Each structure stands twice: as C-alpha cells, then as structure tokens.
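Residue-level structural notes
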Amino acid sequence: MAKMVMRVAYVSQFASVVGGGEHSLMELITHLPDSIQPVLVVPEAGELSRKAEAAGIAVHYLPMPKIGFRSIPALWQWRSWLKRESFEIVHANQSRAAFYAGCAGLGRKTKTVFHCRIAERDRRLDGILMRLSDAIVCNSRAVSERFEAFTGKLQVIYNGVSSQQESVDNSEPLPEGIRLLLFVGRLSAEKQPQLALKLFEQLAGKFDDLHLALVGGDDPYNPEFSKSIRESVSHSTFASRIHLPGAVDSVAAWYHQAELLILTSTHEGFGRVLVEAMAEGVVPIAFSVGGVPEVVEDGVQGLLVGPDDTAHMGRCVEQLLQDKPLRLQMAEKGKVRALRFSIQQHVDQVCGVYNKLLSGTDS
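Described in the following lines is the structure provided in the data block. (Residues numbered from 1 in each chain as written. Predicted model: local features only at pLDDT ≥ 70, side-chain atom pairs only at ≥ 80, totals over all residues. Heavy atoms only, no water.)

**Observations concerning the pattern of salt bridges**
Applying the stated criterion across every chain, the model contains 13 salt bridges. Here Glu190 makes a salt bridge to Arg186, at a shortest N to O gap of 2.5 Å. Glu190 gets classed as partly exposed once you look at its relative accessible area, which sits at 31%. Given a relative accessible area of 16%, Arg186 falls into the buried group. (Salt bridge = Lys/Arg side-chain N within 4 Å of Asp/Glu carboxyl O. Buried < 20%, exposed > 50% of the residue type's maximum accessible area, 1.4 Å probe, protein only.)

If you want it as structure tokens, here you go:
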C-alpha cells in the first residue's frame with residue numbers, strides 16, 4: 001500500500017531572507033520527512049524561491065499586499081488558488097501571510113497554522129489572526145504571551161538550528177593571532193549594530209589584538225541606516241580592525257574564529273544566532289529581551305545584561321576576554337545547551353501539530 005503523503009503549503013510574505021524567521025522557515029522545509037510534500041508560497045521571485053527551487057521544492061506565487069483595499073482582489077486570487085490546489089495544511093510564517101492564508105481557508109477543510117516569531121502585539125490584527133488560525137506556533141514563551149487570551153490554540157516550539165555549513169565564503173581572510181568579537185545580523189535599526197561598534201571602540205584601546213566583525217547584509221527597508229553604519233566604520237580610529245563582509249552564505253568561518261558573540265537587538269523573539277554561536281563554542285553576551293533568556297542561561301552558557309546597557313555589556317566582554325578558564329567553561333556548556341534546539345526536534349514537534357489538527361484532537 002502506498003504511503004500517504006501530506007501536502008503542506010508554507011507561506012512567506014517576504015520574497016527575500018529578511019531575518020532569522022526566513023532562515024528558520026527554510027530549515028524546516030528542507031528537513032521535513034518524506035511523508036510531507038512541501039510547496040513554498042511567496043509574493044514574487046527572490047532569494048527564498050531560488051533556495052526552494054535549488055532544494056527541489058515547488059514554488060507558487062500569490063499576492064500579499066499590505067492589508068487594506070488591495071487585499072480584496074488578492075484574496076480572490078488566494079481563494080481561487082486554494083480551490084484548485086489540495087493542501088491539508090497551510091503554514092503561514094508571518095502575520096500578513098497568516099491573514100491571507102486564514103481568509104482563503106474559511107469554509108474549507110484546509111487547516112491554517114500561524115507561525116509567530118515576534119513578541120510585540122498587533123492590536124489591530126491579533127484577534128483576527130487568532131480566529132482565522134487553527135493553531136499558533138510560537139518560537140518562545142515570550143512570544144506566546146502575545147496571545148495569552150487564546151491559550152487553547154498555542155504551542156511553543158523553539159526554532160531548530162542545523163549545524164553550520166562548511167562552505168567557503170568570499171570574505172576577507174583575517175590576520176592570524178587576532179581575537180574576534182562577532183556581531184551577526186542585518187545592519188538595521190532594531191539590531192543596533194551601532195552599539196556593537198561603540199562597545200568595540202571602547203575596548204579596542206585595551207586589547208590591541210581585538211577585532212570586530214559585523215556579519216550581515218544591509219536593511220532593504222532602511223538602506224540609509226545601513227549606509228550610516230558603514231560610514232561610521234570607515235571613520236573609526238580602529239577601522240583597520242573592523243570587518244564588514246556583508247551577507248554571507250555561511251557564517252561558519254566567522255564563528256570558528258570568534259571568541260565572543262554580542263547580540264544588541266532591541267527585540268528578539270528567539271535569537272537563532274545565539275544557538276549557532278553556542279554550537280560552535282562561541283560564548284554569547286546579549287541584552288535580556290524577548291526569548292533570549294530562554295535560549296541562554298545567564299552566567300552558565302553566556303552573560304545577559306539589561307536592555308541597552310552597553311556599559312555593562314562592555315564590562316562583560318572585558319571580563320570574558322581576560323578570564324579564559326571561565327570563557328572555555330561557558331563555551332563547553334553552550335555546546336551542550338545548543339543540542340536542545342536541534343532541527344530534528346523542531347521538525348518532529350511541528351509535524352506533531354499537523355497530525356493533531358488533522359486527527360481532530362486539541363493542539
């Protein structure tokens with residue numbers, strides 16, 4: 001007897017990789033069991049569609065304009081598409097994607113899963129999304145508090161992070177014998193790379209061998225901010241010790257050379273770079289926001305400080321640069337901690353949500 005295959009449509013309102021949410025979505029799709037046939041749905045061709053096609057995953061294109069008058073013709077296309085296609089599950093990766101998927105699925109047997117990765121409430125849309133969605137997957141307990149009035153549909157499933165690829169990137173070779181402080185993330189306002197730069201400049205005079213790498217692409221929605229960061233680097237007294245490789249296919253080479261990772265984000269639903277760093281033996285120092293304390297235990301695998309407290313963060317960096325035994329101890333504990341966030345565990349739990357929805361039991 002042929003094995004039953006579940007068809008699942010994975011919807012992203014973004015065509016490109018905007019942040020960790022898109023990385024996590026692609027990791028989920030590319031690690032699914034053979035019993036699930038995935039289709040990626042995006043608004044237009046772009047980085048995500050290229051990655052999916054390279055992995056042999058079919059791609060469908062549907063409009064997802066900002067919610068308003070233009071939503072009416074877009075929803076008509078969605079309803080027609082869902083009528084033609086046969087999906088057991090539509091898995092939406094952001095709020096707008098969940099809105100279109102949920103509205104299109106009204107009155108149909110298809111189940112809608114809203115994968116929420118942002119803790120900040122949307123008072124205009126959250127109540128609607130809760131009623132349109134059959135299940136809501138949150139990537140941390142901090143994110144799940146956004147929907148505390150609808151606990152019956154919620155399930156916390158931490159992001160799964162696969163091991164870093166060993167592919168060679170085109171980054172500049174780093175000098176031997178340096179100590180590397182690493183920042184991984186878009187050069188965007190919410191990631192606050194300017195604080196990482198400020199912190200490094202305060203320490204660079206004390207540690208002559210210390211370098212900083214800001215690994216990440218420009219913010220497509222605010223290119224002027226990214227440009228300002230690059231200009232600040234070029235004018236820095238320590239510009240020769242600051243590296244700006246841009247967006248890279250693999251961050252593995254940078255993790256392998258780094259001693260410490262600093263995460264200066266104002267908001268983090270999860271913080272996948274923390275897991276990536278710990279898996280490679282890099283000790284994280286981060287602001288204690290969102291889901292970060294659920295990933296890193298303060299004083300065990302790394303150090304957490306109050307939001308925007310760069311002075312305290314600087315002292316933490318200096319402490320770990322000077323205390324090698326403590327840094328190595330945290331690095332070993334971080335490797336163990338990272339195993340809790342495996343991609344296989346993530347996939348198994350997500351598939352468990354699908355199976356419960358289709359069997360009619362509570363999710």
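Still to come is the rest of the account.
**With respect to the sheet that holds strand β12 (residues 283–287)**
Across the sheet, six strands lie side by side as β10-β9-β8-β11-β12-β13; this open sheet has parallel pairing. Strand pairing shows two members of the sheet lacking a second neighbour, β10 (242–246) and β13 (303–305), which therefore form its edges. Each strand axis lies, on average, 20° off the axis of its neighbour in the sheet, ignoring direction. Where β12 meets β13, three bridges bridge the pair, whose relative direction is parallel. Bridge pairing links Ala286 to Leu304 in β13. Lying over the sheet, helix α10 (residues 272–279) contacts β8 (179–184), β11 (258–263) and β12, oriented at roughly 170° with respect to β11. (Pairing = 2+ DSSP bridges. Helix = DSSP H or I, 4+ residues; strand = E, 2+ residues; numbered from the N terminus. Axes fitted to C-alpha atoms, helices over the stretch in contact; angles between N-to-C directions. Contact = heavy atoms within 4.5 Å.)

**Digging into the sheet that holds strand β1 (residues 6–11)**
Read from one edge to the other, the open sheet built from seven strands follows the order β3-β2-β1-β4-β5-β6-β7, with strand pairing classed as parallel. The sheet is open, and its two borders are formed by β3 (58–61) and β7 (154–156), each paired with just one other strand. Sheet twist, expressed as the mean angle between neighbouring strand axes with direction ignored, is 25°. Both strand β6 (residues 135–138) and β7 contribute to a ladder of three bridges, which runs parallel. Note on β7: the bridge partner recorded for Val137 is Gln155.

**Describing unusual backbone geometry**
At Gln192, a position not held by glycine, the phi torsion is positive, near 55°. Here Gln192 shows up in the loop between β8 and α7 (193–204). Given a relative accessible area of 9%, Gln192 falls into the buried group. Positive phi values are uncommon outside glycine, yet Asp308 reaches one of about 65°. Its location among the elements puts Asp308 in the loop between β13 and α12 (310–322). On the basis of relative accessibility, which here comes to 44%, the residue Asp308 falls in the partly exposed class.

**Here's the deal with helix α8 (residues 223–234)**
For α8, with 12 residues, the first-to-last C-alpha span of 17 Å sits near the 16 Å given by 1.5 Å per residue. Among the residues of α8, those classed as buried are Phe225, Ser226, Ile229 and Val233. Summarising the axial view, the buried residues of α8 lie within an arc of 100°, below the 170-degree limit, and thus occupy one face. For α8, the elements touching its buried residues are α7, β9 (210–215) and β10. (Expected span 1.5 Å × (residues − 1). Arc of directions from axis to C-beta.)

**Notes on the environment of Leu132**
Structurally, Leu132 can be placed in helix α5 (residues 126–132). Judged by relative accessible area, which is 12%, Leu132 ranks as buried. A C-alpha to C-alpha distance of 9.5 Å links Leu132 and Ala104, two positions 28 residues apart in sequence. Leaving out residues up to four positions away in the same chain, Leu132 has contacts with Phe99, Gly102, Cys103, Leu106 and Thr112.

**Some words on the packing of helix α3 (residues 71–84) against helix α4 (residues 95–105)**
In the contact formed by α3 and α4, the axes pass within 9 Å of each other and the chain directions differ by 60°. Taken together, the axis directions place α3 and α4 in an arrangement best described as oblique. Crossing angle aside, the handedness with which α3 passes α4 is right-handed. Residues Ser71, Ala74, Leu75, Trp78, Arg79 and Leu82 of α3 form the contact with α4, whose participating residues are Phe99, Tyr100, Ala101, Cys103, Ala104 and Gly105. For the contact of α3 with α4, the class distribution of residues is nine nonpolar, two polar and one charged. (Parallel < 35°, antiparallel > 145°, perpendicular 65-115°, else oblique. Left-handed = near helix turned anticlockwise from the far one by under 90°. Nonpolar A, V, L, I, M, F, W, Y, C, P; charged D, E, K, R; others polar.)

**Considering the nonpolar core**
Residues Leu182, Tyr255, Leu261, Ile285 and Val317 are the most contacted members of the largest nonpolar core, which totals 62 residues. Looking at this core element by element, the count peaks at seven residues for α7. Residues in contact with Ile285, not counting those within four places in the same chain, are Leu260, Leu261, Ile262, Leu263, Leu303, Met313, Cys316, Val317 and Leu320. Ranked by size, the runner-up nonpolar core spans 32 residues in total, among them Val39, Trp81, Ala97 and Leu129. (Core = buried A, V, L, I, M, F, W, Y, C linked by side-chain atoms within 4.5 Å.)

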